[in-house]
Amino acid sequence: MGQVNTVSSAIGQGRDPASLRRHNLRALLRHLHLHGPTSRPGLCEVTGLTRSTIGDLVGELLSRELVREEGAPVTVGRGRPPLVVTPHEDAYVLGIAVEVDTIGIGRMNIGGSLLDEESVKHEHVAGDPAASVRQLTRLIRRRISKANTRPLALGIAVPGIVDIQDGTIASAPNLNWRNVRLGEELRRTAGFAEPITVANEARLAALAEHRRGAGQNSSDLVYVSAEVGVGGGVINNGETLTGTSGYGGEIGHMITNPGGRTCRCGGAGCWETEIGADALLRHAGLTDPADRHAALADLLAEAEREDAAAIEALRALCPSVATGLVNLINIFNPERIILGGLLRSVANQVGTELDASVRKLHGLNDFPVSIHPAQLGELAPLLGAAEHAVDSFLRQL
Ligand SMILES: [Zn+2]
């Protein structure tokens, strides 16, 4: 009876033998990507598939040079050590992080190791993505020529609002881009045939922290990163929250101070105006510094050296940071909150005060959420773009 039901429900879901096989291949490779080398018996255990099915699937992955098999490092008991299925070192994706001033590009293999990475000056022309497309094409080709094989997929992180359905950058204000189809442009002008995904950098950073950083082993988390702007991402039950079009997660523009300062989005009193770089610099007595980025970097370095005035500026930010976090805690009930950018310094230097501010506003003393500094630093968007690329490869496997 159970067997019959299983079969009929599989057919009912459109799972003909071929699509069931692809589904199992994806599950196997996804496991190897997230959890690393695994023996065949181990794969049987985590997937619930039979030995012969695993043997068959591993055979296909071997023939496609996505995995290889090697002897286990230690022999347990007598007999032949089990073979361990390992991601193939030549199976990689390209992760690209487009920033206003820089472009980062690196290769990540199946298994999540960053094989190489470089960051170059972004030669962008405000309002015209063509120059960026040409530069990206050169960088991608150079990176591929250094490898033995073509990438499985490409993932691009951008500082803008991206339609997740087709990868259109609806708006990237700091680059003055509107309705740019970056992936399609790269395919059209450079002929890249591999899947190309484009997504918001903060959402991708959240994905990277979830899989490889401070959010590992946590399926529900909120990531917030503040620089000049404030970005974030929500991982809900292991999946990135996107909303209908992929615009979901713009937590920097939730209003935490109605009638407050004008935000670059056109609104007033957005969280970004209360906890971004300008707010922190104001608390440090620095209004309109000549170079905002340099002033922020100096201030955070001083805080790291325990400079009293810099620590005080971070402390003054805590009530505003807590206001937004309490809203996010109430809406999403995350297990962890991960703070990046200048908020990483808040978590590191004045974490106790931040915790106290959150608890005071929330009213519950023992709500189950912990606040952590981000672990992946500036590489998070690039790593997230690479993770997104792996997902897109797995979808079409
Ligand atoms: Zn805003």
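You'll find the structure just up there.
No experiment lies behind these values; they were computed from the predicted model shown.

## Describing the overall build of the protein
When helices and strands are tallied, the protein shows 13 helices and 16 strands. Dimensions of the protein, computed from C-alpha atoms along their principal axes, come out at roughly 70 × 55 × 45 Å. Burial status across the protein gives 40% buried among its 397 residues. Partitioning the contacts of the protein with sequence separation of at least 6, the portion at a separation of at least 24 is 62%.

## Side note on the environment of Pro 334
Take Pro 334: it is sitting in the loop between helix H11 (308–332) and strand E15 (336–341). As for Pro 334 and Pro 368, which are separated by 34 residues in sequence, their C-alpha atoms are 8.3 Å apart. With residues up to four places along the chain from it excluded, the contact list for Pro 334 reads Asp 220, Leu 221, Val 222, Ile 329 and Val 369.

## A look at the sheet that holds strand E2 (residues 67–71)
With antiparallel pairing, 3 strands are arranged side by side in an open sheet as E1-E3-E2. Lying at the two open borders of the sheet, with one neighbouring strand each, are strand E1 (38–39) and E2.

## Observations concerning the packing of H11 against helix H12 (residues 342–362)
In helix packing, the relevant descriptors are the interaxial angle and the interaxial distance, both defined with respect to the helix axes. Interhelical geometry of H11 versus H12 gives an angle of 55° and a closest axis separation of 7 Å. Overall, the two elements H11 and H12 adopt an arrangement that is oblique. Once H11 is placed against H12, the crossing between them reads as right-handed. For the pair formed by H11 and H12, the contact residues are Ile 311, Leu 314, Arg 315, Leu 317, Cys 318, Pro 319, Val 321, Ala 322, Thr 323, Leu 325, Val 326 and Ile 329 on the first element and Leu 343, Ser 345, Val 346, Gln 349, Val 350, Glu 353, Leu 354, Ser 357, Val 358, Leu 361 and His 362 on the second. Residue composition of the contact of H11 with H12, by class: 16 nonpolar, 5 polar and 2 charged.

## Considerations on the pairing of strand E12 (residues 221–226)
The element E12 is largely enclosed, with a buried count of 6 among its 6 residues. Bridge analysis of E12 against strand E13 (residues 230–236) gives 6 bridges, and the strand direction is antiparallel. Bridging across to E13, Val 224 finds its partner in Gly 232. Linkage of E12 to E13, two consecutive antiparallel strands, is achieved through a turn of 3 residues. Alignment of E12 against E15, held across 6 bridges, turns out to be parallel.

## Looking at helix H10 (residues 292–304)
Counted at 1.5 Å a residue, the expected span for H10 with its 13 residues is 18 Å, and the 18 Å between its end C-alpha atoms agrees. Looking at the packing, one finds that the buried side of H10 touches helix H9 (277–283), H11 and H12.

## Observations regarding the sheet that holds E13
Overall, mixed pairing links the 5 strands, which are arranged E14-E13-E12-E15-E16 in an open sheet. Strands at the two margins of the open sheet, each flanked by one partner only, are strand E14 (239–240) and strand E16 (370–373).

## A short note on the nonpolar core
Soluble globular proteins tend to pack their nonpolar side chains together in the buried interior. By size, the foremost hydrophobic cluster in this structure holds 103 residues, and its most contacted members are Val 93, Ile 96, Leu 154, Ile 156, Ala 157 and Val 346. A per-element tally of this core places H11 first, with 9 residues. Ignoring anything within four residues of it in the chain, the contact list for Ala 157 reads Ile 96, Ala 97, Val 98, Ala 199, Glu 201, Leu 204, Pro 381, Leu 382, Gly 384 and Ala 385.

## Side note on the packing of helix H5 (residues 130–145) against helix H6 (residues 182–190)
Here H5 crosses H6 at 65°, and the two axes come no closer than 10 Å. It follows that H5 is roughly perpendicular to H6 by the angle criterion. For the pair H5 and H6, the crossing hand works out as right-handed. Contacts between H5 and H6 involve Val 133, Leu 136 and Thr 137 from the first element and Glu 185, Leu 186, Thr 189 and Ala 190 from the second. Tallied by class, the residues present in the contact of H5 with H6 amount to 4 nonpolar, 2 polar and 1 charged.

Calculation criteria
The numbers attached to residues start from 1 for each chain and follow its sequence in the written order. This being a predicted model, a pLDDT of at least 70 is required before a residue's local features are given, and a value of 80 or more before pairs of side-chain atoms are given or counted; all residues contribute to the totals for chains, interfaces and linings. Strands here mean DSSP runs of E at least two residues long; helices mean DSSP runs of H or I at least four residues long; both are numbered from the N terminus. With C-beta atoms placed from the backbone, the exposure class of a residue follows from how many other C-beta atoms lie within 10 Å of its own: 20 or more, buried; 12 or fewer, exposed; in between, partly exposed. The contact rule is simple: place each C-beta atom from the backbone, and if two of them lie within 7 Å, those residues are in contact. Paired strands are those between which DSSP finds at least two bridges. Each axis is a line fitted through C-alpha atoms, taken for helices only over the stretch in contact, and angles between the N-to-C directions span 0 to 180 degrees. When describing relative orientation, an angle under 35 degrees is termed roughly parallel and one over 145 degrees roughly antiparallel, while 65 to 115 degrees is termed roughly perpendicular and anything else oblique. Crossings are classed by handedness, with left-handed meaning an anticlockwise turn of the near helix from the far one by less than a right angle and right-handed meaning a clockwise turn. Residues are grouped as follows: Ala, Val, Leu, Ile, Met, Phe, Trp, Tyr, Cys and Pro are nonpolar; Asp, Glu, Lys and Arg are charged; every other residue, Gly included, is polar. Any helix carries an expected span of 1.5 Å times its number of residues minus one. Each nonpolar core consists of buried Ala, Val, Leu, Ile, Met, Phe, Trp, Tyr and Cys residues. Their C-beta atoms, within 7 Å, join them into a set.

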